[in-house]
Amino acid sequence: MSALNQKTVKKKVSFNGVGLHNGRNVNISIKPAAPNTGIVFKRIDLDKDNLIYPSFENVCNTSLNTTIENEFGAKVSTIEHLMGALFGLGIDNALIEIDNDEVPILDGSAKEFISKIMNTGVTVSDAPIKIIKINKEVKFEDEGRFITISPSKLSLDIDFELKYENSIIGNQKNRISVYKDDLKDVFNSRTFCLFEDIEFIKKNGLAKGGSLDNAIVVKDKEILNKDGLRNDKEFVNHKILDCIGDLYTSGYRIIGNVLCSQGGHYLTNQLLRKVF
């Protein structure tokens, strides 16, 4: 059954865009890779020591994005949307060539990654997929926020809750089954921020490439993007996309039940460290 066999992209898929945080133009190509290769990033702007593996152990930063780093200091940041797309499409093996240190933000979601990879197609191998099954509950808490993973029979379910004082975002919840549900709304949901946080983020040297073309900006009771939201749970759905991408740094298809309240990259990474 093909769902239980490892997959890669049929041929090279390329993207060009701006890095959300570094503001620089970046090119990225996803290339086919042999079974059991896993996902590998290659910094083609570096002459040597340029392979970086998106493992939870290699995550060096979780503030506003997920950044991975190899032992030689080579980094790739904002990997979460691409990793979420690869997980959702069942891509087990791929060589990702990138000519800068940040994955392009594109429209702020995984929509373009999903669309282009689906149009290109996938190749199914004879090798079985790698699965990790959660046998007992693991929990990580941090200042009132928490994430848990517990046993599940055959699925990966994510139950996510957001809590914002802003009335537009408010308290949002959604529950999805990653292997069974139509995840279009999750993949199409964009990153977001509050207008009042932008100055602070930029003072920290981040969001240099941020705009209304790649992020939802909420100011008081107004969404500044002229076309509004893509779905009525876009805020929490984007957090679920991030969670899926970060869970893929485990290197496995996960069978488990994830429950998260006010989580993000840090909580998911700490949970994986605790699980392993």
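Summary of the structure given here.

Definitions and limits used
- Residues numbered from 1 in each chain as written.
- Predicted model: local features only at pLDDT ≥ 70, side-chain atom pairs only at ≥ 80, totals over all residues.
- Heavy atoms only, no water.
- Pairing = 2+ DSSP bridges.
- Helix = DSSP H or I, 4+ residues; strand = E, 2+ residues; numbered from the N terminus.
- Expected span 1.5 Å × (residues − 1).
- Buried < 20%, exposed > 50% of the residue type's maximum accessible area, 1.4 Å probe, protein only.
- Core = buried A, V, L, I, M, F, W, Y, C linked by side-chain atoms within 4.5 Å.
- Contact = heavy atoms within 4.5 Å.
- Axes fitted to C-alpha atoms, helices over the stretch in contact; angles between N-to-C directions.
- Parallel < 35°, antiparallel > 145°, perpendicular 65-115°, else oblique.
- Nonpolar A, V, L, I, M, F, W, Y, C, P; charged D, E, K, R; others polar.
- Arc of directions from axis to C-beta.

1. Focus on the sheet that holds strand β7 (residues 67-69)
Taken in spatial order, the three strands make up an open sheet running β6-β7-β8, and their pairing is antiparallel. Each having just a single partner strand, β6 (59-61) and β8 (75-76) make up the two edges of the open sheet. Of the pairings in the sheet, the one linking β6 to β7 comprises two bridges and is antiparallel in character. The residue of β7 that forms the bridge with N61 is T67.

2. With respect to helix α5 (residues 234-247)
Between its terminal C-alpha atoms α5 stretches 20 Å, which fits the 20 Å expected from 14 residues at 1.5 Å a residue. The buried fraction of α5 amounts to 14 of the 14 residues, a majority that puts the element mostly inside the structure.

3. Overview of the environment of V13
Mapped onto the secondary structure, V13 falls in strand β2 (residues 13-18). Taking relative accessible area as the criterion, V13 reaches 2% and is therefore assigned buried. Considering only alpha carbons, one finds V13 and G121, 108 residues apart in sequence, at a separation of 9.8 Å.

4. Notes on the nonpolar core
Counting 64 residues, the largest nonpolar core has I30, I39, F41, L82, V103 and I158 as its most contacted members. Element by element, the count of residues in this core is highest for α5, at seven residues. Dropping the residues within four chain positions of it, I39 is found in contact with Y53, P54, M83, L86, I91, D92, N93, A94, I96 and Y248.

5. Examining the packing of helix α1 (residues 80-89) against α5
Running from N to C, α1 and α5 point in directions that differ by 75 degrees, and their axes come no closer than 7 Å. Our classification of the angle between α1 and α5 gives roughly perpendicular. The residues of α5 that touch α1, namely those facing E80, H81, M83, G84 and F87, are H238, L241, D242, I244, G245 and D246. In the contact of α1 with α5, the residues fall into four nonpolar, four polar and three charged.

6. Regarding helix α2 (residues 111-120)
Burial in α2 covers these residues: F113, I114, I117 and T120. Angularly, the buried residues of α2 cover 135 degrees about the axis, an arc narrow enough to put them on a single face. Turned more than 90 degrees away from the buried face of α2, the exposed residues are M118 and N119. Buried-residue contacts for α2 involve β1 (5-9), β2, β3 (25-31), α1 and α3 (184-188). Looking one or two places after α2, you find G121, whose phi comes out positive at around 95 degrees.

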